[in-house]
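Analysis of the macromolecular model
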Amino acid sequence: MGSILSPTGTSHPLSARSVLGRAPSCGIVGEDARVSGEHLVLTWSGERWLVRDLGSSNGTWVNNVRLGAGEKVPITTQDRLAIGSPEQVWVLEDAAAPGAWAQSESGVRIQARGGVLLLPNPQDPELALVLSAQGWRLDDAEDSIQDGAKLQAGGQSWTLRVPHHVAPTVDARAAPALHFRISQDEEFCEISVQKGSQILSNPPRSFNYMLLTLARLRQKDHDLAPESQGWVHQEDLADMLRVEPTTINVQVHRARQSLGQLHPGLGAELVERRARTRQLRLGVSQFQIERMGQVS
């Protein structure tokens with residue numbers, strides 16, 4: 001996701017519209033006295049970042065060229081923005097599109113990866129937000145969640161910053177397929193994502209066998225209507241895998257984030273949940289299971 005580096009080396013994630021200035025209300029606060037209250041604004045056009053001086057007293061320079069008041073210019077990775085003084089240099093660290101992130105009341109920031117935001121941290125997630133076609137939503141909810149919403153995770157309050165742009169359209173003709181490859185004793189399970197003719201490999205993870213089990217349950221129900229295939233109660237799945245039900249949630253969250261980085265939208269569709277039933281299933285209908293050269 002897009003980010004800018006301050007003169008002191010602090011990285012600031014960028015929202016779709018980020019105002020930089022000394023005023024506490026600014027999304028990015030610059031403390032130097034030569035910075036105006038609202039000095040400049042960085043906006044995402046849908047394809048690139050643009051910077052516009054907001055009529056600051058001491059000016060803005062982009063790669064040593066001073067902007068006129070209200071002038072808007074495109075910037076890209078490693079472009080240098082001198083703000084208020086030629087010596088106060090900020091650098092566009094990452095020119096990627098804006099992503100979601102959250103900040104705790106203690107100042108900790110967590111960024112989304114692969115269309116998934118895990119709180120309070122990716123290693124021990126309690127909550128997962130996923131990017132669907134309707135926007136960002138909690139993993140077990142149907143309604144989208146708004147920018148600035150407050151959530152509780154890890155004993156802290158978190159403020160969500162979610163971009164206001166629409167998620168990229170996924171070409172249905174290039175819908176991803178999962179390829180499971182397992183050893184004869186099932187001690188090894190590898191998952192790759194097939195996107196057209198491209199194979200995207202993912203390192204072996206602890207959640208792979210959980211996804212394999214969901215794939216087998218969906219495969220077992222192949223005679224049913226597609227909307228009825230593969231549903232299982234979370235507690236029953238936990239019994240099959242000999243883990244605690246809470247471990248299933250953690251594995252689902254991690255799987256969403258890991259595989260979501262391989263294909264746009266896969267994080268949201270990887271696992272489906274039925275609201276208020278504690279039922280889930282593999283959300284990807286195209287998959288293969290291979291054991292020792294045999295494909296089913």
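Up top is the structure.
Predicted, not measured: the structure shown is a model, and the values here were computed from it. (Residues numbered from 1 in each chain as written. Predicted model: local features only at pLDDT ≥ 70, side-chain atom pairs only at ≥ 80, totals over all residues. Heavy atoms only, no water.)

**Focus on the environment of Gly2**
- On the secondary structure map, Gly2 appears in the segment before β1 (3–5).
- Taking relative accessible area as the criterion, Gly2 reaches 0% and is therefore assigned buried.
- Each C-alpha atom of the pair Gly2 and Thr77 lies 9.2 Å from the other, and the pair is 75 residues apart in sequence.
- The contact partners of Gly2, leaving out residues within four places of it in the chain, are His12, Pro13, Leu14, Trp49, Asp94, Ala96, Ala97 and Pro98. (Helix = DSSP H or I, 4+ residues; strand = E, 2+ residues; numbered from the N terminus. Buried < 20%, exposed > 50% of the residue type's maximum accessible area, 1.4 Å probe, protein only. Contact = heavy atoms within 4.5 Å.)

**Regarding helix α2 (residues 234–241)**
- Along α2, the positions that sit buried rather than exposed are Gln234, Leu237, Ala238 and Leu241. What you see down the axis of α2 is that its buried residues fit within an arc of 100°, all on one side.
- Packed against the buried residues of α2 are α1 (208–220), β22 (232–233), α3 (245–260), β23 (271–274) and β24 (279–282).
- Positive phi appears at Arg242, one or two residues downstream of α2, with a value of about 60°. (Arc of directions from axis to C-beta.)

**With respect to the sheet that holds strand β2 (residues 11–13)**
- With respect to topology, six strands assemble into an open sheet ordered β2-β1-β11-β10-β7-β8, the strand pairing being antiparallel. Two strands in the sheet have a free side with no partner beyond their single neighbour: β2 and β8 (65–66).
- Pairing between strand β10 (residues 80–83) and strand β11 (residues 89–94): three bridges, direction antiparallel. Note that in β11 the partner of Arg80 across the bridge is Val91. (Pairing = 2+ DSSP bridges.)

**Points about the sheet that holds strand β6 (residues 49–53)**
- Spatially, five strands are ordered β4-β3-β5-β6-β9 in an open sheet, and the strand pairing comes out mixed. A single partner strand is all that each edge strand has here, and the edge strands are β4 (28–29) and β9 (72–75).
- In terms of strand pairing, strand β3 (residues 17–21) meets β4 through two bridges, oriented parallel. Within β4, the position partnered with Leu20 by the bridge is Ile28.

**Here we look at the layout of surface pockets**
- By volume, the second largest pocket amounts to about 310 Å³.
- What lines the second largest pocket is a set of 16 residues, among which Asp140, Gln234, Asn249, Arg273 and Arg278 lie closest to the centre.
- Those elements giving two or more residues to the lining of the second largest pocket turn out to be β15 (127–132), α3 and β23.
- Of the residues in the lining of the second largest pocket, the class split is four nonpolar, five polar and seven charged. (1 Å grid on protein atoms, 1.4 Å probe; cavity = no way out; pocket = protein on both sides within 12 Å on 5 of 7 lines; lining within 4 Å. Points joined across faces, edges and corners; volume = space filled by probe spheres on them. Nonpolar A, V, L, I, M, F, W, Y, C, P; charged D, E, K, R; others polar.)

**Here we look at the nonpolar core**
- Membership of the largest hydrophobic core comes to 30 residues, with the highest contact counts inside it found for Leu178, Phe180, Met210, Leu211, Leu214, Leu270 and Leu282.
- Secondary structure elements with two or more residues in this core: β19 (177–182), β20 (189–195), α1, α2, α3, β24 and β25 (287–291).
- The dominant element in this core, judged by the number of residues it contributes, is α1, at six residues.
- Contact partners of Leu282, with chain neighbours within four places excluded, come to Leu178, Leu211, Leu214, Ala215, Arg218, Leu270 and Phe287.
- Core analysis: the next-biggest nonpolar cluster, separate from the first, contains 18 residues, Val35, Leu40, Leu42 and Ile83 among them. (Core = buried A, V, L, I, M, F, W, Y, C linked by side-chain atoms within 4.5 Å.)

**Focus on unusual backbone geometry**
- The peptide bond linking Leu119 to Pro120 adopts the cis configuration, its omega dihedral lying at 5°.
- With respect to the helices and strands, the residue Pro120 is situated in the loop between β14 (116–119) and β15.
- Here the phi dihedral of Arg242 falls at roughly 60°; this positive angle occurs in a residue that is not glycine.
- By secondary structure assignment, the location of Arg242 is in the loop between α2 and α3.
- Residue Arg278 is not a glycine yet carries a positive backbone phi of 60°.
- With respect to the helices and strands, Arg278 occurs in the loop between β23 and β24.

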